[in-house]
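Analysis of the macromolecular model
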Amino acid sequence: MVIALQSNAAGTQFTVENLVNAVVVVVVAYVLARVLSLVLSTLADRLARQRFRVMFLIPVVKFVIYAGAAYLVLAFLFELTQTQLIAFAGLFGAALGLGLKDLLADVVGGIVLVLEQPFQVGDKVTLDEYYGEVVDIGVRSTTLVTPDDTLVAVPNFVLFDKAVANANTSDAEMLVVVEFYVDPAADVGRAVDIVEDALVTSPYVYVSEATPATVTVADDLYYRTLRGKAYVHDLRSEVAFKSDVSERVLDAFDSEGIQSPKVPASADETAGE
Amino acid sequence: MENDTVPVAGLRAAGFGDEVENVATAVAGYLDDGAGGNVAVISEPYAGRDSLLAYAASLLEEDATWIDLDPSAADGTGPPLPGDEDYVDPTDDETSDDETPDATDDGGDAPGAGAVIVANCHYLFERRIDGFEALDAFLDRIALSDALVITSWNRYAWSYLDAVRDVGDSFTTQVEIPRLDADEISAVIEGHYGPDLPDVIDAGRAGRVKTVVFDRHPVALPRGRSVGIPYPKPNTAWVASWSIAGDEESVEAVLYEKLRRVSNGNPGVAIATWDESVRDGEIAPGYVEAFTADIDLDTDAAVLLWTVISMERVDIDRVAAAWSDRPVETSLQHLVERDLVTVDGSAVSIRPEALHVAIGALERRGLLW
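About the criteria used
- Residues numbered from 1 in each chain as written.
- Chains lettered and ligands numbered in written order.
- Predicted model: local features only at pLDDT ≥ 70, side-chain atom pairs only at ≥ 80, totals over all residues.
- pLDDT = per-residue confidence, 0-100.
- Helix = DSSP H or I, 4+ residues; strand = E, 2+ residues; numbered from the N terminus.
- Contact = placed C-beta atoms within 7 Å.
- Core = buried A, V, L, I, M, F, W, Y, C linked by C-beta atoms within 7 Å.
- Buried ≥ 20, exposed ≤ 12 C-beta atoms within 10 Å, placed from the backbone.
- Domains from an automatic or database assignment.
- Nonpolar A, V, L, I, M, F, W, Y, C, P; charged D, E, K, R; others polar.
- Pairing = 2+ DSSP bridges.
- Axes fitted to C-alpha atoms, helices over the stretch in contact; angles between N-to-C directions.
- Parallel < 35°, antiparallel > 145°, perpendicular 65-115°, else oblique.
- Left-handed = near helix turned anticlockwise from the far one by under 90°.

**Some points on the confidence of the model for chain B**
Residues and elements named next belong to chain B. Of all residues in chain B, 79% attain a pLDDT of 70 or more, and the chain-wide mean is 81. Here helix α7 (residues 205-208) stands out as the element of chain B with the lowest mean pLDDT, 42, in contrast to strand β4 (residues 148-154), whose mean of 95 is the highest. This stretch, residues 94-108, has a pLDDT under 50; its non-local contacts, to residues over four places away or in other chains, come to 30 contacts.

**Looking at the nonpolar core**
Among the nonpolar cores identified, the biggest contains 135 residues, and V205 of chain A together with A56, I117, L124, L305, A358 and L362 of chain B are the most heavily contacted of them. A total of nine residues in this core trace back to one element, the largest contributor, which is helix α11 (residues 299-311) of chain B. Sequence-distant contacts of L305 of chain B, that is, excluding residues within four places in its chain, are made with L297, L335, L340, A358 and L362 of chain B. Residues L113, V121, V134 and L144 of chain A belong to the second largest nonpolar core, which totals 17 residues.

**Thoughts on the environment of D18 of chain B**
Along the chain, D18 of chain B falls in helix α2 (residues 17-33). With 159 residues separating them along the chain, D18 of chain B and I177 of chain B place their C-alpha atoms 9.5 Å apart.

**Brief notes about the domain arrangement of chain B**
The assigned domain composition of chain B is domain 1 (8-176), domain 2 (182-287) and domain 3 (299-365). Of the residues lining the interface, seven residues belong to domain 2 of chain B; the matching set on domain 3 of chain B comes to four residues.

**Things to note about the interface of chain A and chain B**
With 16 residues of chain A in contact, the opposing surface of chain B contributes 14 residues. For the side of chain A that touches chain B, the secondary structure elements donating two or more residues are α6 (188-200) and α7 (238-256) of chain A. The leading source of residues in the side of chain A that touches chain B is α6 of chain A, at four residues. A per-class count over the side of chain A that touches chain B returns nine nonpolar, three polar and four charged.

**Section: the environment of V24 of chain A**
Following the sequence through the fold, V24 of chain A ends up in helix α1 (residues 16-46). Separated by 108 residues in sequence, V24 of chain A and G132 of chain A have C-alpha atoms that sit 35 Å apart.

**Some details on the sheet that holds strand β3 (residues 115-119) of chain B**
The strands making up a sheet associate through hydrogen bonds between their backbones, and the pairing can be parallel or antiparallel. All names here are of chain B. If you walk across this open sheet you meet the five strands as β2-β3-β4-β1-β5, and the pairing is parallel. Of all the strands in the sheet, just β2 (64-68) and β5 (173-176) have a single pairing partner and so form its edges. Each neighbouring strand pair of the sheet contributes to a mean axis angle of 15°, computed without reference to strand direction. The strands touched by α2 are β1 (37-43), β3, β4 and β5; relative to β5, the strand with the most contacts, the crossing angle is about 155°. Against the sheet, helix α5 (residues 155-165) engages β1 and β4, with an angle of about 105° to β4.

**Points about the packing of helix α6 (residues 182-193) of chain B against helix α10 (residues 267-277) of chain B**
Residues and elements named next belong to chain B. Following both chains from N to C, one finds α6 and α10 inclined at 65°, their axes separated by 10 Å at the closest point. One element, α6, and the other, α10, form an angle in the roughly perpendicular class. Classified by chirality, the crossing of α10 by α6 is right-handed. Mapping the contact onto sequence places I185, V188, I189 and H192 in α6 and P267, A270, I271 and W274 in α10. Tallied by class, the residues present in the contact of α6 with α10 amount to seven nonpolar, one polar and no charged.

**Topic: the domain arrangement of chain A**
All names here are of chain A. Per the domain assignment, the segments making up chain A are domain 1 (16-116), domain 2 (124-166) and domain 3 (174-256). Centre-to-centre, using C-alpha coordinates, domain 1 lies 20 Å away from domain 2. Counting residues per element, the side of domain 1 that touches domain 2 draws most heavily on helix α4 (residues 82-116), at nine residues. Considering only residue class, the side of domain 1 that touches domain 2 consists of seven nonpolar, two polar and two charged.

**Quick notes on the sheet that holds strand β12 (residues 347-350) of chain B**
All names here are of chain B. With antiparallel pairing, three strands are arranged side by side in an open sheet as β10-β12-β11. Edge positions in the sheet fall to β10 (313-315) and β11 (341-344), since each of these pairs with one other strand and no more. Strand-to-strand twist across the sheet, computed as the mean angle between neighbouring axes with direction ignored, equals 25°.

See below:
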C-alpha cells in the first residue's frame, strides 16, 4: 500500500513507505558504520605499532557510508529534482539561521578532518583545552580519552578557530619529556648520567638515530631543571614511561645523595608572615 | 662457546664466504703487518657466530687469547687486553693453557701488539641505571689499544647498544651473519650430521599436512567451564611450501625449503628443528612443524623475554637482583608456560624453535629494533 503524502509532476514520493525506507537506510548505515569501525579497530589493535595504517580508514569509511546513505535517501527514495533540492537548501539555510549553525559547522569540521587529516584515530592530540588519545572521529564530534581515562567529546568546529596540537602525527612513536629538579649544590653531571640511563633502559623507550634520547640542563636561581627527552615505542605507554623513569631516577637520586631543591629562606619567611 | 655452533667448513660450504673472508682479512693484516683493529661478529642466537671466532683463532694459532664472557662481565671493566697488567699472554710458555682453541706448538711470532678474541660481548651490559659501565670502559680501552680485538655480539643486543651507546663506531670491521637459503640449510645439515642422514620420505600431501586445520576456540560457560568451538584455520606454513612444489620435484627440496621457512634461515634453529622432526629414522616435509604459541605477554614478561633473547643465556637470580621492582619470577613462569624458554638451574635461555615467534612478538611490540 502506498499513501501519497505529497507528490508533484516531477514524481517526488513522500510516501509512508519511502519514509520508512529512508529510516531503514539511515539505521542500516549507522549499524554498518559502527560494525566496520569496530572491525577496523580490532584489526588495528592486532597490528600493535602498525595500527595507524588501518586507523585512518575509520573516519573515511564512516563518512563514505553516511554520504552514500544521504544520497540514497534523497536521490532514489524521494527522487528530489534540482528545483526541490534548491528549495531544500533554502529551507536548510533557514534552519541554520534558527539554530543549526553549530551543528553544520561540526559536520563541515568533520568533513575537513577526513580530507585534511590533521590527526587520526589513535593520535595523541590537544584539542581546545583537552589532551588525550583520539578514539573516534565522528560526523559531529571527535572523542578523546584523557590520561585520566575520561572520555571527552570535542565538537569538530573547534578545528576552525582553535589550534590543534598533534604529538605523534600518526606514528606509533612519540616524544615524551620527563622533568626533574635538583638542588644547585648537587652533582649535576652524575644526575644527568642517571636520567640518561633511566631513559634508555626503560622498557617503553625507542631509540634510533632519528629519535635519540637526550637530557638537557637549565639553571635557575634556586634549582636546576633536568629535562629528559626520549621516544616511547607506543604512545599508549606515555604515562607508564614517565612513571617508570621517574621512579627509578628518584630512587637513584636518593641513593646517590642528589637532593631536591630546598625552599629558599626568603620564601620561608614570606610564608611565615 | 655455544653448543649449537656450525663448523666453519660448513659455513663456507653454506655460502658464508664473504663473512669468512672478512675475518680472514683482518687476521691476515695482523699476522703480516701487526695491524690491530676491532672486529665485531654479529648474529642472532644459534646462528653460529662462534664458528667464525673459532676460525679466526685457528688462523691466529697461539697468538690469540680466547675469552668467553658470562653475565658477571657486566660488573667489571671488560676483559683484559694485550698490554694490560692482568692480561695473560698466550705465547708465554708458563702461562699457556688450553683456553686457545686449536693451539699448536708452532709458537707465536706476529709483529703486532697482540690479539684477543672475546666471545659474547653482549654480557658487558645490563639494562638498568649504571648498567653500561663495563661496556663503556671496554670500548674506551679497545679504542686506545693497538691489539687485534675480535668480538662476537648478539644481533639484538648490538642493535640496542648501537642506538643508545653508538657501539658500532668502535668497530672498523663488522661481520653480520646472514640468513641461509634452502640449499645452504641443506649444506649445514649435512655438515653437522654427516652423510648418513635419515631417509627423506613423501608422507603424502593429505596425510602429512592439511591445508586447512581445525582449531578450537574456547567459549566460557557458567561455573568456570568452557567448551571448544572448532573453527577452520589455514595452515600457512604448509601453504607457503607449495610455492616451490611446482618447480622442484624433489621431496628433499620441499623439505629444506620448509626447514628454511620454519627456521627463518638460522642454522642453529634449523638443526634443532631437524632434531625435532626426525621420526623413526625418517623425515618428511610434513614432519617439520612451525612452533606456535600464544605470546600475549605483559610488559614485565616481554622485557624479560627481550633480555633472554638479547643475552641468550640469563642468570635469573642476577636479573631479579637488578630488577627488584619487577616480578621477575612471575614473568619467568609466563615464559616457561608458553614453552618459550628453557630453565637450567638459574640459567634461562630461549628455545631455538621458539626464537622467531618470540622475535616477531617483540618486534610487533616495538621492543626489538
